[in-house]
Amino acid sequence: MVQAWQDFIDFTLFSEEQIQARIRELGEQISRDYAGKELLVVCILRGGVMFTTDLIKQITVPLAVEFMAVSSYGVGARKSEGEVRITLDLNTSIAKKHVLIVEDIIDSGHTLASVIELLKTRDPASLYVCTLLDKYSRREVEVPIRYAGFPIENHFVFGYGLDMDEYYRNLPFIGTVNLDKYVPPSG
Ligand code: PRP
């Protein structure tokens, strides 16, 4: 059984309308910044997929999309040890390309730091980051963020790509979790 989100939500942090409005602004900004250039958007799976698909619809310069998946070795508290590995790599060369990495959330920064370190070795023309959420107070390693949708406090969040035990990514809004009410899926 998977619990209904209505049973554990604390409050709606960003509504569908707020998210989509911010994405339109980001799309306009990115389109201006990359005017006259072509873009390679690198979506970090799985959380980044909703944001990426909505964001690219708002970008007017020619672009291609690639996907990468990264996983932390540790879970829970051990995640902060910062060991990450690439579980799905890009299919194409990024040499001489303008690369924009798209993430749903940056927390400790370890995931992105590893991705940036790897992609830098492949000689892109430029390499920048766009994240929907920036949980800045949790940062353990500095990561350069060119585009950020919303800075957020240290809330436990779900929806719009962000999961709780792999569920709820499909919700069009972002909510905060009341951990006293959340029950992990069984079976
Ligand atoms: C989340 C998120 C980022 C990462 C951020 O992914 O999508 O990739 O954590 O955390 P960090 O800044 O502390 O490294 P997660 O590992 O939950 O995988 P998912 O995207 O498949 O849900």
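Being a predicted model, the structure only gives us computed values, none of them experimental.

1. Side note on helix α3 (residues 110-120)
- When α3 is considered as a whole, its buried residues turn out to be H110, L112, S114, V115, I116 and L119.
- On the buried face of α3, the contacting elements are β2 (39-45), β3 (63-72), β4 (84-88), β5 (98-106) and β6 (126-134).

2. Digging into the packing of helix α1 (residues 16-33) against helix α2 (residues 49-56)
- Where α1 contacts α2, the two axes come as close as 9 Å, and the packing angle between them is 60°. Our classification of the angle between α1 and α2 gives oblique. You can see that α1 and α2 cross each other, and the crossing is right-handed. On α2, the residues touching Q20, I23, L26, G27 and I30 of α1 are F51, D54 and L55.

3. Description of the site of the ligand
- In the neighbourhood of the ligand, 15 residues make up the surrounding shell, with E103, D104, S108, G109 and T111 lying closest.
- Within the side chain of T111, an N or O atom sits 2.4 Å from an oxygen atom of the ligand.
- R169 is positioned with one of its side-chain polar atoms (N or O) 3.0 Å from an oxygen atom of the ligand.
- The fraction of the free accessible surface of the ligand (490 Å²) that becomes covered by protein chains is 84%.
- Secondary-structure elements contributing two or more residues to the shell around the ligand are β5 and α3.
- Looking at the shell around the ligand, the element that brings in the most residues is β5, giving four residues.
- Residue composition of the shell around the ligand, grouped by class: three nonpolar, five polar and seven charged.

What counts, and where the lines are drawn
- Per chain, residue numbering runs from 1 following the sequence as it is written.
- The predicted nature of this model means local features are confined to residues of pLDDT at least 70 and side-chain atom pairs, given and counted, to a pLDDT of 80 or more, with totals for whole chains, interfaces and linings taken over all residues.
- Only hydrogens and water are removed before side-chain values are computed, so all heavy atoms of the structure are retained for them.
- The buried label goes to any residue with under 20% of its type's maximum accessible area, the exposed label to any with over 50%, and the partly exposed label to all in between, with areas taken from a 1.4 Å probe on protein chains only.
- Secondary structure is summarised from DSSP: a helix means a run of H or I of at least four residues, a strand means a run of E of at least two, and numbering begins at the N terminus for each.
- Every residue pair with non-hydrogen atoms within 4.5 Å of one another is taken to be in contact.
- Note on geometry: axes are lines fitted to C-alpha atoms, helical ones only across the stretch in contact, with angles between N-to-C directions running from 0 to 180 degrees.
- Roughly parallel means an angle under 35 degrees; roughly antiparallel, over 145; roughly perpendicular, 65 to 115; everything else is oblique.
- For a crossing to be left-handed, the near helix must be turned anticlockwise from the far one by less than a right angle; the clockwise case is right-handed.
- Throughout this document, a residue counts as near a molecule or strand when at least one of its heavy atoms sits within 4 Å of that molecule or strand.
- Pairing of N or O atoms within 3.5 Å defines a polar contact, subject to two protein rules: one partner must be a possible hydrogen donor and the other a possible acceptor, and residues neighboring in sequence count only if both atoms are side-chain atoms.
- Per-residue and other accessible areas were derived by the Shrake-Rupley procedure at a 1.4 Å probe size, with only the shown protein chains allowed to occlude residues.
- Here the nonpolar group is Ala, Val, Leu, Ile, Met, Phe, Trp, Tyr, Cys and Pro; Asp, Glu, Lys and Arg are the charged ones; every other residue, Gly included, is treated as polar.

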